[in-house]
Amino acid sequence: MTDSTSLPEVITHHRACHLCEAICGLEIKTQGDQILSIKGDKEDPFSRGHICPKATALQDLHFDPDRLKHPVKRVGGGWQQISWEEAFDAVAENLVRVQQVSGNNSVAIYSGNPNVHNYGSMTHGGILRKALQTQSNYSATSLDQLPHQLISYAMYGHQALIPIPDIDRTQYMLIIGGNPLASNGSIMTVPDVTKRLKAIQRRGGKFVVVDPRRTETAAIADEHHFIRPGSDAFLLMAIINTLFEENLVTTGHLTPVLDGLEAVRQSAEGFTAEMASEQTGIAANSIRQMARDMAAADGAVCYGRMGVSVQSFGSLCQWAIQIINILTGSLDVPGGALVTSPAFGYIKPGESGAGSFGRRHTRVRGLPEFSGEFPSSVLAEEILTPGEGQVRALITRAGNPVLSAPNGNEIDRALESLDFMVAVDFYINETTRHADIILPPTGPLEHDHYDIAFHRLAVRNTTRYNEPVFEPEADTRHDWEIYNELSARISALKNLDFKPLPSPDLMLDRALQHGHYGKAAGAEQALSLDVLKQYPHGLDLGPLQSGLAERLCTEDGRIHMDVDYLLADVQRLRETRVDTDTDELLLIGRRHVRSNNSWMHNFQRLVKGKPRWQLLMHPEDLKKHQLVDNSLVTIQSRVGEVTTTVSASDEVMPGVVSLPHGWGHKRKGVHMSIAAEQQGVSCNDLTDDGRFDPVSGNAVLNGVPVKVFAAAP
Ligand SMILES: Nc1nc2c(c(=O)[nH]1)N[C@H]1C(S)=C(S)[C@@H](COP(=O)(O)OP(=O)(O)OC[C@H]3O[C@@H](n4cnc5c(=O)[nH]c(N)nc54)[C@H](O)[C@@H]3O)O[C@H]1N2
Ligand SMILES: Nc1nc2c(c(=O)[nH]1)N[C@H]1C(S)=C(S)[C@@H](COP(=O)(O)OP(=O)(O)OC[C@H]3O[C@@H](n4cnc5c(=O)[nH]c(N)nc54)[C@H](O)[C@@H]3O)O[C@H]1N2
Ligand code: SF4
Ligand SMILES: [Mo]
């Protein structure tokens, strides 16, 4: 007999989705330990009910039988569950042992993308670095947005003082190398981006996309221009040159704090629209028109993302984008690009975490440090090259470099050769299978949530805190608890003073109270965690505000346009010409709304349907290379080769092929049962760790030269 009155009650939870940068509000209904539904939270003032298919898969992650909940140790060919006590002791002892033999820097840390979506990992990740006293820090930053951070550091004095497109008020938006319809926006937290882009058109404005593929975003744009991968710097310098040549420069209210206008003008000399046209493949009059439209619109913004960041001129591109916004009077004005005023991490002069650059260089290749990190492109060589300072042990935390970083096979070999490896991760995947011990944190629904990173990057000022949906299971640990515990034991073994950090909610409360809307700022309704808890749908703090001049963190309080190492890189660009007379094709990536980098392919609802891992190639190129649509082809680059199916598509421009990253789960020892059944190879078995942006050291993940031929039968 079942008695319906004894069923647990249905509870409605509100929680921001942490899976991507859009931070959509969710309404999650649970009954006991079951999830009844996951829907968009219509009362979230920012996301207004929008969600994407990944949000519903949060339940698959929560209930995934492959998700680890207790530490495991690798024994022979298998894994054995061990207690947290044993695990923490063994990890601390092994890391300290390696350091005692080979020095502090012989233990490296690689931090992956999900840390930025997990606030306890943000607040507590640093103590591990401190306990280990290592300078060998790596992260997904240098596979992604390092150029953005470097440019903000160089020009505005703080790596996180990044101007964000004011998408809700702009009249002209130039999107270069970003596909927000698939990615849901990046370094531009913008839930429901489709509606917001279409609203630009409805109010009489327009948006233009520059991309080697006619992406989902390009398909709804007013204009789309194909561009030869890696050539964007020519386009951007030509826009700058046109602005000067046609007397369109208006620097507006920022004029008194601008340094280097004349140096910028000179640097752009000779980059004519005609010359850029030859390099990029975009018509010269279209390039001039972009400059004129930017200058003429009442609120314009140039925004460049992954596509212009992960290329050889990544830093130069991000610099030129800032310059274009400055020269057209688009910086720090409504409808242009503005810095945010977040409740946590409001940046003003003297704010910590500004960044650092070039204080040290990597041992083997001599690439510069940024903010205490080295570029991830050198991780494998720092492990594999003998000598003093060689990396002999590794901690990966929420990262999967084997699938995410260039030359994955080399990283595989490097990880295999380590003396010791520990992974803080809940999956045994392509990377963590190399670990000696895996420390799995609780799942995302089992801890509270606050977006430290993404309110800072949002197109509106908003703030939101949510309680956990479920209590954590018995004998499990949050990420931050793992870092506290591990750091305590490492410090004890090294005889270092150690004080555990308070829980993230206490740190958040303190930051809110001392923040821009807190008691200290004399705000009317001073924010604290208790106040914020009264707004489970999030609290709107209004549109982005002007006021950059007062918030500059450079020592002299000015905007530095004439950064010497960027002006020097313009010279490198002058000496560069694309090779149009080649048989090679240029490989680019591709994101899909139902993927999330490498780690969300273990959920049936996200991998079912039309396959999406094929190599896209223009029909003319198929003909030219005598290939048959839908047949198996081998793709070969300097570092490796993979075999997959080719699919004819005029979405990509001739000369370009596209393969998404994050697939290739058939590597031996991966314990992700659904992912391992999926076809698809890893794009990063082709990308080349020898290609990087020499200014920042950021990886080049697009525009990689490859040969494609019919696979051997
Ligand atoms: N669904 C989904 N959402 C995601 C992610 C995901 O994996 N899946 N990942 C998240 C992460 S970590 C990030 S950083 C963001 C990234 O967010 P976006 O930057 O919007 O991501 P992409 O879709 O990779 O867009 C990059 C675009 O650049 C184009 N491109 C490639 N090479 C060039 C070039 O040389 N020049 C130009 N102009 N364009 C080029 C590509 O064709 C692509 O359309 O997305 C986040 N959101
Ligand atoms: N060719 C090519 N390569 C790319 C890109 C591209 O566009 N093209 N994009 C690049 C970009 S933008 C990025 S950001 C990187 C991403 O690179 P990575 O961050 O190295 O890789 P992810 O695929 O995000 O792997 C995330 C890992 O974190 C684990 N995880 C998820 N949530 C949590 C959590 O809450 N706690 C812990 N401890 N672990 C968790 C997952 O199980 C997984 O192992 O990839 C880069 N690689
Ligand atoms: S768009 Fe991003 S934040 Fe919104 S529901 Fe999808 S994955 Fe979550
Ligand atoms: Mo990323």
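Because the structure is a prediction, the values reported are computed rather than measured.

**Considering the site of ligand 1**
Okay, so step 1: Neighbouring ligand 1 are 31 residues; Asp211, Asp232, Arg591, His592 and Asn597 lie closest to it.
Okay, so step 2: Between glycine 230 and ligand 1, the recorded distance is 2.8 Å, taken from a backbone N or O atom to an oxygen atom.
Okay, so step 3: A distance of 3.5 Å is found between a nitrogen atom of ligand 1 and a side-chain nitrogen or oxygen belonging to asparagine 702.
Okay, so step 4: If ligand 1 stood free it would expose 910 Å²; the protein chains cover 96% of that surface.

**Quick notes on helix 5 (residues 146–156)**
Okay, so step 1: Counting buried residues along helix 5, ten of its eleven residues qualify, which places the element largely inside the surrounding structure.
Okay, so step 2: After helix 5 finishes, the residue glycine 157 shows a positive phi value of roughly 90°.

**Description of the domain arrangement of the protein**
Okay, so step 1: Split into domains, the protein comes out as domain 1 (4–56), domain 2 (72–135 + 367–455 + 465–501), domain 3 (146–344 + 548–573) and domain 4 (579–710).
Okay, so step 2: Each of domain 1 and domain 4 has a C-alpha centre, and these two points are 34 Å apart.
Okay, so step 3: Of the residues lining the interface, five residues belong to domain 1; the matching set on domain 4 comes to eight residues.
Okay, so step 4: Summing both partners gives a buried area of about 570 Å² for domain 1 against domain 4, and 68% of it is carried by carbon and sulfur.
Okay, so step 5: Looking at the side of domain 1 facing domain 4, the largest losses of area belong to Leu19, Pro53 and Lys54, adding up to 78% of the total buried there.

**Here we look at the site of ligand 3**
Okay, so step 1: As a structural note, the neighbourhood of ligand 3 is formed by Cys17, Leu19, Cys20, Ala22, Ile23, Cys24, Ile51, Cys52, Lys54, Ala55 and Asn184.
Okay, so step 2: Judged by the fraction of its atoms near the pocket grid, ligand 3 is located in the second largest cavity.
Okay, so step 3: Per-class residue counts for the shell around ligand 3 are nine nonpolar, one polar and one charged.

**Topic: the sheet that holds strand 1 (residues 10–16)**
Okay, so step 1: Here three strands make up an open sheet; going across it, the order is 1-2-3 and the pairing antiparallel. The two strands at the open ends of the sheet, each matched to only one other strand, are strand 1 and strand 3 (34–40). Adjacent strand axes in the sheet meet at a mean angle of 25° when their direction is disregarded.
Okay, so step 2: Where strand 2 (residues 25–31) lies against strand 3, six bridges are found, and the strand directions are antiparallel. Paired with leucine 26 across the strands is glycine 40, a residue of strand 3.

**Looking at empty space enclosed by the protein**
Okay, so step 1: Applying the stated criterion to the full structure yields six cavities of 30 Å³ or more.
Okay, so step 2: What the largest cavity holds in volume is close to 150 Å³.
Okay, so step 3: His148, Ile162, Pro163, Gln318 and Gln322 are, among the 17 residues lining the largest cavity, the residues nearest its centre.
Okay, so step 4: Only helix 5, strand 8 (164–165), strand 13 (300–304) and helix 14 (314–327) provide two or more residues apiece to the lining of the largest cavity.
Okay, so step 5: Partitioned by chemical class, the residues of the lining of the largest cavity number eleven nonpolar, six polar and no charged.
Okay, so step 6: Its volume calculated, the second largest cavity comes out at about 80 Å³.

**Brief notes about the environment of aspartate 168**
Okay, so step 1: Residue position: aspartate 168 is located in the loop between strand 8 and strand 9 (172–176).
Okay, so step 2: Classification of aspartate 168 as partly exposed rests on a relative accessible area of 27%.
Okay, so step 3: A distance of 3.0 Å separates polar atoms of two side chains, one belonging to aspartate 168 and the other to arginine 196.

**Remarks on the packing of helix 4 (residues 119–132) against helix 18 (residues 479–493)**
Okay, so step 1: It is at 8 Å that the axes of helix 4 and helix 18 come closest, and there the two elements cross at 15°. Between helix 4 and helix 18, the crossing angle belongs to the class labelled roughly parallel. Handedness of the crossing formed by helix 4 with helix 18: left-handed. Along the contact surface, helix 4 presents Gly120, Ser121, His124, Gly125, Ile127, Leu128, Ala131 and Leu132, while helix 18 presents Asp479, Trp480, Tyr483, Asn484, Leu486, Ser487, Ile490 and Ser491.
Okay, so step 2: When its residues are assigned to classes, the contact of helix 4 with helix 18 shows eight nonpolar, seven polar and one charged.

**As for the environment of asparagine 241**
Okay, so step 1: Turning to its location among the elements, asparagine 241 is positioned in helix 9 (residues 232–245).
Okay, so step 2: The buried category is assigned to asparagine 241, whose relative accessible area is 6%.
Okay, so step 3: Along the primary structure asparagine 241 and glutamate 269 are separated by 28 residues, whereas in three dimensions their C-alpha atoms are 6.2 Å apart.
Okay, so step 4: Sequence-distant contacts of asparagine 241, defined by excluding residues within four places in its chain, comprise Ala268, Glu269, Gly270, Phe271 and Thr272.
Okay, so step 5: A distance of 3.1 Å separates a polar side-chain atom of asparagine 241 from the backbone oxygen of phenylalanine 271.

**With respect to the packing of helix 3 (residues 84–102) against helix 18**
If you want to describe how two helices pack, look at the angle between their axes and the distance between the axes.
Okay, so step 1: Packing of helix 3 against helix 18 leaves a shortest axis separation of 9 Å and a crossing angle of 50°. Judged on the interaxial angle alone, helix 18 and helix 3 are oblique. The way helix 3 lies across helix 18 gives a crossing that is right-handed. Here Trp84, Glu85, Phe88, Asp89, Val91, Ala92, Glu93, Leu95 and Val96 of helix 3 lie close against helix 18, whose contacting residues are Ile482, Glu485, Leu486, Arg489, Ile490 and Leu493.
Okay, so step 2: For the contact of helix 3 with helix 18, the class distribution of residues is ten nonpolar, no polar and five charged.

**Considerations on the pairing of strand 13**
Okay, so step 1: For strand 13, the tally of buried residues reaches five of five residues, placing the bulk of the element in the interior.
Okay, so step 2: Residues Ala300, Cys302 and Gly304 point to one face of strand 13 and Val301 and Tyr303 to the other, with burial holding for every one of them.

**Brief notes about the sheet that holds strand 26 (residues 615–617)**
Okay, so step 1: If you walk around this closed barrel you meet the six strands as 25-29-26-28-27-30, and the pairing is mixed. Neighbour-to-neighbour, the strand axes of this sheet turn through a mean angle of 45°, independent of strand direction.

**Quick notes on the packing of aromatic side chains**
Okay, so step 1: Counted according to the given criterion, the structure contains nine aromatic pairs.
Okay, so step 2: Plain terms: the ring middles of tyrosine 138 and phenylalanine 374 are 6.3 Å apart, the flat faces sit at 50° to each other, and that makes the pair tilted. Of this pair, tyrosine 138 sits in strand 7 (residues 137–139) while phenylalanine 374 sits in the loop between strand 16 (368–370) and helix 15 (379–384), and the two are 236 residues apart along the sequence.
Okay, so step 3: The exposure class of phenylalanine 374 is buried, given its relative accessible area of 10%.
Okay, so step 4: A network of ring pairs unites the aromatic residues Tyr153, Phe357, Phe370 and Tyr565 as a single cluster.
Okay, so step 5: Over the ring of phenylalanine 313 we find arginine 572, and its NZ or CZ is 3.8 Å from the ring centre.

The rules behind the values
Residues numbered from 1 in each chain as written. Chains lettered and ligands numbered in written order. Predicted model: local features only at pLDDT ≥ 70, side-chain atom pairs only at ≥ 80, totals over all residues. Heavy atoms only, no water. Near = heavy atom within 4 Å. Polar contact = N/O pair within 3.5 Å; in protein donor to acceptor, adjacent residues only side chain to side chain. Areas by Shrake-Rupley, 256 points an atom, 1.4 Å probe, with all protein chains shown as cover. Buried < 20%, exposed > 50% of the residue type's maximum accessible area, 1.4 Å probe, protein only. Helix = DSSP H or I, 4+ residues; strand = E, 2+ residues; numbered from the N terminus. Domains from an automatic or database assignment. Contact = heavy atoms within 4.5 Å. Buried area = accessible area lost by both parts, 1.4 Å probe. 1 Å grid on protein atoms, 1.4 Å probe; cavity = no way out; pocket = protein on both sides within 12 Å on 5 of 7 lines; lining within 4 Å. Sits in = over half its atoms within 2 Å of the grid points. Nonpolar A, V, L, I, M, F, W, Y, C, P; charged D, E, K, R; others polar. Pairing = 2+ DSSP bridges. Axes fitted to C-alpha atoms, helices over the stretch in contact; angles between N-to-C directions. Points joined across faces, edges and corners; volume = space filled by probe spheres on them. Parallel < 35°, antiparallel > 145°, perpendicular 65-115°, else oblique. Left-handed = near helix turned anticlockwise from the far one by under 90°. Phe/Tyr/Trp six-rings, centres within 6.5 Å; stacked < 30°, edge-to-face > 60°. Lys NZ or Arg CZ within 6 Å of the ring centre and 35° of its normal.

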